[in-house]
Amino acid sequence: MKIIVADSGGVEHALDAVEGWRVMEIIRAHGFGLEAECGGSCVCGTCQVHVDPAWAARLHEPREDELERLDENFAEPDERLSCQLIFTEELDGLRLVLPENVKAPEPA
Ligand code: FES
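To keep things clear, this report deals only with the structure shown in the data block. (Residues numbered from 1 in each chain as written. Predicted model: local features only at pLDDT ≥ 70, side-chain atom pairs only at ≥ 80, totals over all residues. Heavy atoms only, no water.)

1. So, the overall build of the protein
What the protein contains, in helices and strands, is three helices and five strands. Element order for the protein, N to C, with α for helix and β for strand: β-β-α-β-α-α-β-β. For the protein, the C-alpha atoms occupy an extent of roughly 40 × 30 × 25 Å along the three principal directions. Looking at the protein as a whole, 39% of its 108 residues qualify as buried. A sequence separation of at least 24 residues applies to 63% of the contacts in the protein between residues at least 6 apart. Element-wise, carbon and sulfur atoms account for 49% of the exposed surface of the protein, whose accessible area totals about 6100 Å². Counting 9 positive and 23 negative side-chain charges, the protein places the averaged centre of each group 3 Å from the other. (Helix = DSSP H or I, 4+ residues; strand = E, 2+ residues; numbered from the N terminus. Buried < 20%, exposed > 50% of the residue type's maximum accessible area, 1.4 Å probe, protein only. Contact = heavy atoms within 4.5 Å. Areas by Shrake-Rupley, 256 points an atom, 1.4 Å probe, with all protein chains shown as cover. Lys, Arg positive; Asp, Glu negative; His and termini not counted. Charge placed at Lys NZ, Arg CZ, Asp CG, Glu CD.)

Here you go:
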């Protein structure tokens, strides 16, 4: 199973994804510089990602605390906190766009 993330240069990366992991953890495990300062506690808002419009309605609705963080961080309407998205097989192929400040890993 995979998630597809586009980096700030528009390059798409297909990342192996593990059921039950937070999407934030999957992105970081593949070497992307997504900050995630609070470790997934829905406190910092530094794990924001843009969700492809075709996938937005397939995600669960944000809880109140996620909505508050998004609001505090002036999130755009297509943004979610990747630490609040738990990967399941229904999300196989999920497409995201990373914020500009998130560095992609150096090619091996
Ligand atoms: S990692 Fe802090 S809000 Fe997601």
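2. Observations concerning the side chain of histidine 50
Relative to the assigned elements, histidine 50 resides in strand E3 (residues 48–51). Of note is the side chain of histidine 50, whose polar atom sits 2.9 Å from the side chain of aspartate 78. (Polar contact = N/O pair within 3.5 Å; in protein donor to acceptor, adjacent residues only side chain to side chain.)

3. Some thoughts on the pairing of strand E5 (residues 94–97)
On E5, burial follows the alternation: Leu94 and Leu96 on one face are buried, whereas Arg95 and Val97 on the facing-out side are not. With two bridges joining them, E3 and E5 adopt antiparallel strand pairing. Residue pairing in the sheet places histidine 50 in a bridge with valine 97 of E5. (Pairing = 2+ DSSP bridges.)

4. Comments concerning the sheet that holds E5
Strand order in the open sheet made by the five strands is E2-E1-E5-E3-E4, with mixed pairing throughout. Looking at which strands have only one partner, the edges of the open sheet turn out to be strand E2 (12–16) and strand E4 (79–81). Within the sheet, the average angular offset between the axes of one strand and its neighbour, ignoring direction, is 40°. Alignment of strand E1 (residues 2–6) against E5, held across four bridges, turns out to be parallel. Each residue of the ladder has a partner; that of isoleucine 4, found in E5, is arginine 95. Across the face of the sheet, helix H3 (residues 64–72) comes into contact with E3 and E4 while running at roughly 125° to E4. (Axes fitted to C-alpha atoms, helices over the stretch in contact; angles between N-to-C directions.)

Purely spatial values, then, with no claim about function.
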